[in-house]
Structure formats: C-alpha cells, structure tokens
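# Report on the structure
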Amino acid sequence: MGGFPILSIMLLVPLVAAVACLFVRAESARMIALVATLVDLALGIALWASFDIGGAQWQFVERAPLFAGFQWALGIDGIALLLIVLSVFLMPICIGASWNSIQNRVGEYMAAFLLMETLMIGVFAAQDLFLFYIFFEAGLIPMYLIIGIWGGKDRIYASYKFFLYTLLGSVLMLIAMFWMVHESGTTDIPTLMAYDFPPHAQTWLWLAFFASFAVKMPMWPVHTWLPDAHVQAPTAGSVILAGVLLKMGGYGFIRFSLPMFPEASAQFAWLVWALSMVAVVYTSLVALVQNDMKKLIAYSSVAHMGIVTIGLFAFNVQGLEGAMIVMLSHGIVSGALFLAVGVIYDRLHTREIDRYGGLAINMPRYAIFFMIFTMASVGLPGTSGFVGEFLSIAGIYQASSWVAFVATTGIILGAAYMLYLYRRVVFGDQKNADAAALPDIDKRELLMFAPLAAVVMWMGVYPESFLAPMRADIAALDARVSRAAPAGDAQLHVGAPKHEASSHGEHGSAAAHDEAATGEAH
Amino acid sequence: MDFAASLALIAPEITLSVSGLVLLLAAAWMGDKASQLISWLAVAVLAGCAAMVAPALCGGAMGADTVAFGGQYKADAFSAFSRILIYVAAAASLIVAPRFFDRLNAMRAEYPVLVLFAALGMGLMVSASDMLTLYIGLELNSLSAYVLASFLRTDDRSAEAGLKYFVLGALASGILLFGMSLTYGFTGTTSFAGIRGALDGSIGTGALFGLIFVFAGLAFKISAVPFHMWTPDVYEGAPTPVTTFFATAPKVAAVSLAARVALDAFGTQAAAWQQVVIFAALASIIVGALGAIGQGNIKRLLAYSSINNVGFILIGLAAATPQGASAMLVYLTIYVAMSLGGFVVVLMLRDADGNQVESIADMAGLSRTKPMLALCMAAVMFSLAGIPPLFGFWGKFVVFQAAVDAGLIALAAVGIAASVIGAFYYLKVVKVMYFDEPAEVVEGDSDPLHWVIAGLATLFISPLGYVLTPWLGDLADKAAAALFFAA
C-alpha cells in the first residue's frame, strides 16, 4: 500500500496518452496507445500482486478534497480489483485489434479508447458516490464517438440509441443519489454500504438504481440497444462494450443495490428473477436464428448477463461468487468471440454466417482458438464459463429451484446456438471460394488470442486465483444481504439419521441418510 | 446613511454612466474610425467596474452597510456576483464584435456605448431593492437592447428582431408595471423590505394577482415558457455578437432580479410563487428541448437551448432555499461560459468568402476540416446536455441537489428525465460535425480574439472546471447568504 497513488496513476496514464494521441500522426498514435495500455496492464498486475488478500477490505485508498460537494476518493476491494484487472487486460488487445482495421482518424480513435480506459478504471475504483456517477456517465461520450465515427452502416442510429437509452436509465439514479446523500450526510461509498435506509425509501431508491443498472447490464426488455450497438461498433468497440461496459451494471448491483438496499433487493428479487429467466430463454432463442455473427454474440451476452443477475439475487455466497466469475469469464470470452469475428471480418468484410464455411481447412489455428472460446461460452468444464455458471445456478437453486431449472435450459440453448454457429462457420464444406482462400491468423492475431485462451483455461482449471481476492468481500456482502434473503423453496437441511436399521452396515446407513436428505430437498 | 456613503456604493454605476457619456461624445466627435478604440476603452471600463465590485463579493457584503438611498439600492455580495458575470459577458461580446461588423461595414462607435448603458441598466436591476429602481434598470437595459437587436440597419432580419423585441418587451414591461401597481396598491409600498413585511402571513387575492403579474413580466425577460416566443426570432435575427450578449448578460440580470424579487420581496409568500416557478421550470425544460429538435439554424437552436437552460435555473429558484439560490448562481456562471463558447464558435463559422455560416447542415464534417473548432463546439454541446465530466453537468448537479434537499423530489425527477430530451438535439450537432461527410462550407479563417474567448470558455467548461468548484461554490454561497440576509 504505502503512499504511492497507484490508482490515480492508472487513471492518469491513459488520460495523458489520450491527449497526446490527438496531436500526432497515425503511426505514433498507435504506438502511444499500445505503450500506455501496456503500462496500465503492468500497473494492474502490480496492483493484483500487492493486493493483500485477507487484509483490509478497502486497499490503495486515496482521499483528496478537491471539489465542492464530493471528493476525489479512490480505493478498491477484491471485486473492484478483478474488474480493473479485466479492463486493463483487455485494453492492449483492443488496441492490437484496431492496429490495421482502423485507418482513418487514428489519433482520435486511440484517444477515445484511452479515455474509455480511464473512465472504466475510474468507475471501479471510485469511492465517492458522485465521483462514481461522473465516471459512469462520462463513458457515454467516447463510446458514442467510437460507434458513430468508426461503426458500420447503421452507426448513427445505433449511437443515438446507445446514448439516449443509457442516459435515460442513469439520470434517475442521480436523483436517488442526492436523496441518499441528503439522508445520510455522506458521499462515501463504504459508509453508505453500511447505512440502513428506511425500507419504504429503499423501494424507490432501488428502483432508481435498477433503472440505470438494468439498462447498462442489459436486462430484458431494455436490452435492445445492445445488439444495435454491438453490431455497428468496430471490433475493438464491441470487445470493450461486451467485456467491460456491461460489467458496470453487475458491479453496480454488487456495490450499490444489494448492500445499500438489502430489503428492497429482496422485495424485488422476483422481478429480477422473472426478467432474467425471460432473458436467458428468450434471447437464447433469438440468438439461435441470427444470420449476423456479431448479433448472435450480442444476444448471447444478454443471456449470460441473465445468469449473472440470477446469481446476484440468489442472496448467498455461491450465487454472488458465480455471478462475479460469470462476469469475468464473459468479459474475456465474449471479448474473444468478438475478436474472432473481427479477424474474419477484416478479411472478408462481412459478418453474415452463410458467407463462410469450412474455415477449419484453410484456417486451422483460427479454428482452434474459436473452438476454445466457443466451448467457454457454452460452459464446458475446464473452461471459465463452467465455473461461473455452475456456481450461479448452485446459488439460485438454494433460493428457487424453478429459477434454477429455467436458467439451466438457457445453458442448453447456449450450447445449441454456439455450436450451430461454430458448425456453420468453421466446419462443413468450403462452399464459398473467397472464404476458402482466407489466410490463417498472423502473429499479431496470435498474440491477441493466446493470452485470452490462456486466461480462459486458467479460470476454468484453477478458479481459486480469482476467487481468493474477493472471498472476504463476497462474505461481507453476503452477511449484509442475508438478513433480508428470501426463504428458499429447496429447504435444504440435514435429515435425522436412521437408527432402527441394525441389519445395515455403516456404509448403508450413510447412503440411506443421503437418500433421505435428497428426498427432502426435492 | 449619509449621501456620500450612498454615492460610494453606486461607484460602478457612476463610472459606467460617466464613461458611457464620455465615450458617446468621443464617438460623435471622432466618428466610426475610432470604434475599435472605443470598444477597447469600454472593455477597460467594464473590467474596472468588475474590479470595483469584487471586494463586496469576496467579503460577502450584506446588511445595512450595503443599502443606499434609503432602501432603493443594495450593493451586496449577491449583486456583486451577478455584476461580475454581467460585466464579463458584456466585455466578451464587445471583444468579438468588431470582426463581425467590419466585414459588413456596419461597425459603429455606438455599439460599445449601447452595451455600456445596457450594463448600467443591468447593474441597477441586480441591485434593486425597490420596485422603482427595478423598473428603471430594466427599461434602461431594454431600450439599449432594442437598438442593439436592430443594429444591422440594412438587414431585414435584424430590423425585424429589433421590432419584435421592442413590441413584446413593451408588453412585458406593461404587465410588470401592472403587477407592481397591484402590489403597491395592496401593500402600500414599493420597497422590497416593505412588501415583505406587508405580505407576512396570508396573502390577499389582490396582492396575489400582483405577484403573478410581476412574475409573468419577469418570465418574459428571462424567456421562460409560456412567455418565450420572442426568443428564437430575436436570437436568430439579431447580429451574432448581439445574440451572444442577449444570451448571457441580460439573462444573468433578469434571473438574478427574479431571484431577488421572489426571495426578498415575496420571500414570505414562497408557497404562492413556488407553483408558478415550478410550472415555468418544467415547461421551459420541455418546450425548450422539443422546440430545438426541428431547428436547422444553429442560432435558433441555441435560443431554444437557452430556454431549456432557464428551466433548469428556475429549479434552483423553486427550491426557495439559500442552497437553491447559490445553485442558481453557479448554474448561471457555467451557463454564461457555455453560451459565450457556443456563440463565439458560431461567429467563427465562415465560408471561403468570409460570410457567416448559420445552418447546421453546413457544419457537416467540421471535425475534419476544423478539428479544434469542432472540439470546442462538441464540448459546449455535451456540456449543455449536462453529460459529465464536462462542467455543464455541475450546474445541473447543484440545482437538482438543491431541489432534492428542499424536498422537491418529484420536480427533480421529472426535470432530469426531461433533460434527456434535450440531449437528443445536442447530440445531433455533434453527429453532424463528427459523423457526417464534410460539407466543405466552413473554410474561412478565424480571428485570434475569437479563438482566445472560445478557448477560455472551452477550458472553463472542460473537466478542469471542477477544480474551481470549491471556490465558485464558496462565492455563490456568500452571495446567496447576502440575498437571504433580509430574511
């Protein structure tokens, strides 16, 4: 820890680089952006390495009373740490993905991305309510420009929709924040997380925050901005959108809705469950019939975010941990899938699935990476997706077996659309001559894919590395929300051992006990 | 209080009147050749006056020492805050004018003199603590403004703007006078302190009518809905430097005046006028936002934007608390910077022949032909939309916080939701500049002085502005405390 303001420096490096990018030529701008994001990645790794697991809840704390009404307050817990590391990890890859595909207005493009990085880190590191809001909202400007300037055909419609949808969602949250500060007399997030608002007020505050986070997340039925924004944004824009921006919604639930309004969260759990169930099933079905690869992945994001919200509102440790792991995993995997689409889009300039086929023959290395990410998205054991989805569903099962049942069908549907996508693009006949002539991935693309694949495997095989930093924070959150947790329908409890069966051995008695417990559980 | 002390308090007014008259004589003797010199002298006079009132603001002047001429006039911190804004805005609109008028061979030495007299009137408006002082200040400002609006004598649109402004302004003055006479009739006094005392307790129907007529007249002056109709036409028709002036200085004066009338004279009847202000605030926000959507002329768009902004400022007034008054002043400060920035950028939009470009469609692709200009305009637009981290967000922040702290949560929620409508048309301007193919219309070069003002305004509304918040908030709090001192 010490006095070294590492978080402020992580915010400052991309910001300074962004300003520099505006004034230099294309080649220098690319280089500046790459160096700045790599420096931030190094700082991020240093942050993780020096994070004291099991130490103070809030670490690397910085406070400076710079402004009227709110202050420059930074600090992270394990949850924020992992999301910051995710952001800084994805950024150099985004810059790499835009290396050749962005040719006009490179300086401005890189500046927008670097600004985005500053704001993303700021959202996760802010410890002041209003500072958080400023970072949270400011992200709209660079993203609006990224979609609008460098996007696809319908970029203008998509950029408006993205901007206005998210803005409308967020402004009511600001009013709720004013009320909270008026009531509690502080803007400090850790203090507010322990403040008990009156239950009737919580209802309104929760709804105001929900409006914002549900749009950002996005939850059904306010998800419609996402497919448009994803499809029209340039590849790297989609990666950041799916990889990090969507996580701001989940982070918001973890940081604000659940700990600050536990009673209201429990009161509205049914709403979240219902919307999430619809999202999981409905958007999976929609994904199944898409012809546009990016749109398919965009809808799959909505479905995965449904699993996240289900896990979050399970009100137990498994659910919360699962939601966090799904968020991290989805950040990596959907980012990687968008990159995979970007790679072939750069070659053939179409995202239509029918225009490809049989890529395994001419692009074998590409096919392997695409396979890894597809499997991770499906949730195959050994990949990151499995860990998260398993924990989330294990969590919700304790709260409601019906929700768990519906969420599980979503995973089956997920396997269906992802494998169907993979079969049509990579397997089958090489029916299109131009697709059959595509060259395999080059060194730059290999460098982008390899770390992503490695992290997917790492998270799948040894999730403890990712669970350890946030264990204490999840436990604290669980302790905070458990007082309001809705009663589960599973009624898990240890049955009374049977004593009368003398003919059975030790082993048989244990089996019978298990049976009884399982029977009661159902 | 003796006469000499009163004279000392009105030193800025004396300076403005004497130098205005001297410069008028100079203009008459030296002719239009000297207009440049006279402009700079007028800027110096305004700077001097700002320096004169600064101590009152920094010291948080209030109470009996600030009252001159037996309660006619009050030189407290509140008036000092507004004055500094007014003088700065007036000086800026003087500095940007010569380049614009020279091109049309229309630069007259009367322009700076008229602006000085308008500033004199506005100083009286914000310092008035009597209905009569108020009216004299208002008319002095308005008469100068009517002439300024039609300053391009040969231009039809300018003449039309002047005429419209005059007719509607006269109507507004009539309504205001009628309200004042009713108030006088039912309270027996014209002084704010007297009215305040007379209305303590319940309000009779006659006085209520007086109050409503006074507010209607003031709503005209601040162009709040439903008395906003003149604004787009006048803003569009008036020469752009004059529009820059109208959108900033008189707006500050009229809003400050409205705040003083509401919180001082009618301060004991807050419940009576709060509904009026709440209605005007929400209506202004919504009408200002919806009206702007279809506009193709950037000046008209900014006019609707100013209506929209007045709505937000009135939310601070509706709170009827010192915090609300302070929020209004902070918002006004930021609003002045945003308007100056916006209109100066409009002044800098010239085609290859040096003619002014006012159509939004002609700004297409500005980010590629004139990147810095587009950056300034984009900053102004995002700032007007209230998107953080631009400083415009802070203005909205403080007024909505004041409203929530005063318990007006529903008003704040509706107001902030309606601000999203406004974001749509601000985004449209950014879209035209950044996403569209260049129209290659804006090609003329810009005056360095314009760059300086646009640059300063952009710097102020950039995220760097937040560093000023403690200082700005402190001054605004002092000013608001002075306003509430009488209470």
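Heads up: these notes are all about the structure in this document.

Conventions and cut-offs
- Residues numbered from 1 in each chain as written.
- Chains lettered and ligands numbered in written order.
- Predicted model: local features only at pLDDT ≥ 70, side-chain atom pairs only at ≥ 80, totals over all residues.
- Heavy atoms only, no water.
- Helix = DSSP H or I, 4+ residues; strand = E, 2+ residues; numbered from the N terminus.
- Rg over C-alpha atoms; globule rule 2.2 N^0.38 Å.
- Buried < 20%, exposed > 50% of the residue type's maximum accessible area, 1.4 Å probe, protein only.
- Contact = heavy atoms within 4.5 Å.
- Areas by Shrake-Rupley, 256 points an atom, 1.4 Å probe, with all protein chains shown as cover.
- Lys, Arg positive; Asp, Glu negative; His and termini not counted.
- Charge placed at Lys NZ, Arg CZ, Asp CG, Glu CD.
- 1 Å grid on protein atoms, 1.4 Å probe; cavity = no way out; pocket = protein on both sides within 12 Å on 5 of 7 lines; lining within 4 Å.
- Points joined across faces, edges and corners; volume = space filled by probe spheres on them.
- Nonpolar A, V, L, I, M, F, W, Y, C, P; charged D, E, K, R; others polar.
- Expected span 1.5 Å × (residues − 1).
- Buried area = accessible area lost by both parts, 1.4 Å probe.
- Salt bridge = Lys/Arg side-chain N within 4 Å of Asp/Glu carboxyl O.
- Polar contact = N/O pair within 3.5 Å; in protein donor to acceptor, adjacent residues only side chain to side chain.
- Phe/Tyr/Trp six-rings, centres within 6.5 Å; stacked < 30°, edge-to-face > 60°.
- Axes fitted to C-alpha atoms, helices over the stretch in contact; angles between N-to-C directions.
- Parallel < 35°, antiparallel > 145°, perpendicular 65-115°, else oblique.
- Core = buried A, V, L, I, M, F, W, Y, C linked by side-chain atoms within 4.5 Å.

## Quick word on the overall build of chain A
Secondary structure assignment for chain A yields 23 helices and two strands. Radius of gyration (C-alpha) of chain A: 23 Å, near the 24 Å computed for a compact globule of 522 residues. Principal-axis analysis of the C-alpha atoms gives chain A an extent of 80 × 65 × 40 Å. Relative to its full complement of 522 residues, chain A shows a buried share of 64%. Restricting to contacts in chain A with at least 6 residues of sequence separation, those with at least 24 account for 82%. When the accessible area of chain A is evaluated, it comes to approximately 18,100 Å², of which 67% is carbon and sulfur surface. Each charge class in chain A was averaged separately, 25 positive and 35 negative side chains, and the resulting centres sit 12 Å apart.

## Some thoughts on the overall build of chain B
Tallying secondary structure elements over chain B gives 21 helices and two strands in all. Relative to its length of 487 residues, chain B is compact, with a C-alpha radius of gyration of 21 Å against a globular reference of 23 Å. Expressed along its principal axes, the backbone C-alpha trace of chain B runs to roughly 65 × 55 × 40 Å. Put simply, chain B has 487 residues, and 64% of those count as buried. In chain B, once contacts between residues fewer than 6 apart in sequence are set aside, the share between residues at least 24 apart is 82%. Per element, the accessible surface of chain B, about 15,500 Å² overall, is 69% carbon and sulfur. For chain B, the separation between the mean place of its 22 positive charges and that of its 29 negative charges on side chains is 2 Å.

## Focus: the layout of surface pockets
Residue and element names in this part refer to chain B. In this structure, the second largest pocket encloses a volume near 740 Å³. Ile84, Leu85, Val88, Leu340 and Phe460 are the residues nearest the centre of the second largest pocket, which is lined by 27 residues in total. Of all elements in the fold, only helix H3 (35-58), helix H4 (77-95), helix H15 (322-348), helix H20 (448-461) and helix H21 (469-483) reach the threshold of two or more residues within the lining of the second largest pocket. Per element, the largest residue contribution to the lining of the second largest pocket is eight residues, and it comes from H4. Per-class residue counts for the lining of the second largest pocket are 26 nonpolar, one polar and no charged.

## A closer look at H4 of chain B
An α-helical turn contains 3.6 residues, so any two residues separated by three or four positions project in the same direction. With 19 residues, H4 of chain B should reach 27 Å at 1.5 Å per residue; the first-to-last C-alpha distance of 27 Å fits that figure. Among the 19 residues of H4 of chain B, 17 are classified as buried, and the element is accordingly described as predominantly covered.

## Side note on the interface of chain A and chain B
Each side of the interface is counted separately: chain A has 32 residues, and chain B has 33 residues. Between chain A and chain B the total buried area reaches about 3,100 Å² when both faces are included, carbon and sulfur atoms providing 81% of it. On the chain A side of the interface with chain B, the three residues burying the most area are Tyr160, Ile175 and Phe178 of chain A, jointly 19% of the side's total. The interface formed by chain A and chain B contains zero salt bridges. At the junction of chain A and chain B, the tally comes to six residue pairs in polar contact (both at pLDDT 80 or more). Every element with two or more residues in the side of chain A that touches chain B is listed here: helix H5 (129-138), helix H6 (140-150) and helix H7 (155-184) of chain A. Broken down by element, the side of chain A that touches chain B gets its largest block of residues, 16 residues, from H7 of chain A.

## As for the packing of aromatic side chains
Scanning the model with the defined rule gives 72 aromatic pairs over all chains in all. With centroids separated by 5.3 Å and ring planes inclined at 70 degrees, the aromatic side chains of tyrosine 144 of chain A and phenylalanine 163 of chain A adopt a geometry described as edge-to-face. Highlighted residues: tyrosine 144 of chain A in helix H6 and phenylalanine 163 of chain A in helix H7, separated in sequence by 19 residues. Given the relative accessible area of 0%, tyrosine 144 of chain A is considered buried. For phenylalanine 163 of chain A, a relative accessible area of 1% gives the class buried. Ring geometry for phenylalanine 391 of chain B and tyrosine 466 of chain B: centres 5.3 Å apart, planes at 70 degrees, overall edge-to-face. Residue phenylalanine 391 of chain B is located in the loop between helix H17 (371-384) and helix H18 (392-405), and its partner tyrosine 466 of chain B is located in the loop between H20 and H21; the two are separated by 75 residues in the primary sequence. Neither phenylalanine 391 of chain B nor tyrosine 466 of chain B differs from the other in exposure class; each is buried.

## So, the packing of H5 of chain A against H7 of chain A
All names here are of chain A. In the contact formed by H5 and H7, the axes pass within 11 Å of each other and the chain directions differ by 175 degrees. Looking at the two axes, H5 sits roughly antiparallel to H7. Contacts between H5 and H7 involve Leu129, Phe130, Phe132, Tyr133, Phe136 and Glu137 on the former and, on the latter, Thr166, Leu167, Ser170, Val171, Met173, Leu174, Met177, Phe178, Met180 and Val181. Partitioned by chemical class, the residues of the contact of H5 with H7 number 13 nonpolar, two polar and one charged.

## A few points about the environment of arginine 83 of chain B
All names here are of chain B. Here arginine 83 shows up in helix H4. Separated by 158 residues in sequence, arginine 83 and proline 241 have C-alpha atoms that sit 20 Å apart. In this view, arginine 83 contacts Pro12, Glu13, Val53, Tyr73, Gly123, Val126 and Ser127; residues no more than four positions away in its chain are not counted. Polar side-chain contacts of arginine 83 include one of 2.7 Å to the side chain of tyrosine 73. Polar contacts involving the side chain of arginine 83 include one to the main-chain carbonyl oxygen of glycine 123, which spans 3.1 Å.

## Quick notes on the nonpolar core
Grouped together as the largest cluster of nonpolar side chains are 410 residues, with contacts concentrated most on Phe132 of chain A together with Phe246 and Phe266 of chain B. For this core, the leading source of residues is H15 of chain B, giving 19 residues. Once you skip the residues sitting within four places of it in the chain, phenylalanine 266 of chain B turns out to touch Met131, Thr183, Ile195, Leu199, Leu211, Val214, Phe215, Val261 and Trp273 of chain B. Ala68, Tyr73, Ala75 and Leu124 of chain B belong to the second largest nonpolar core, which has five residues in total.

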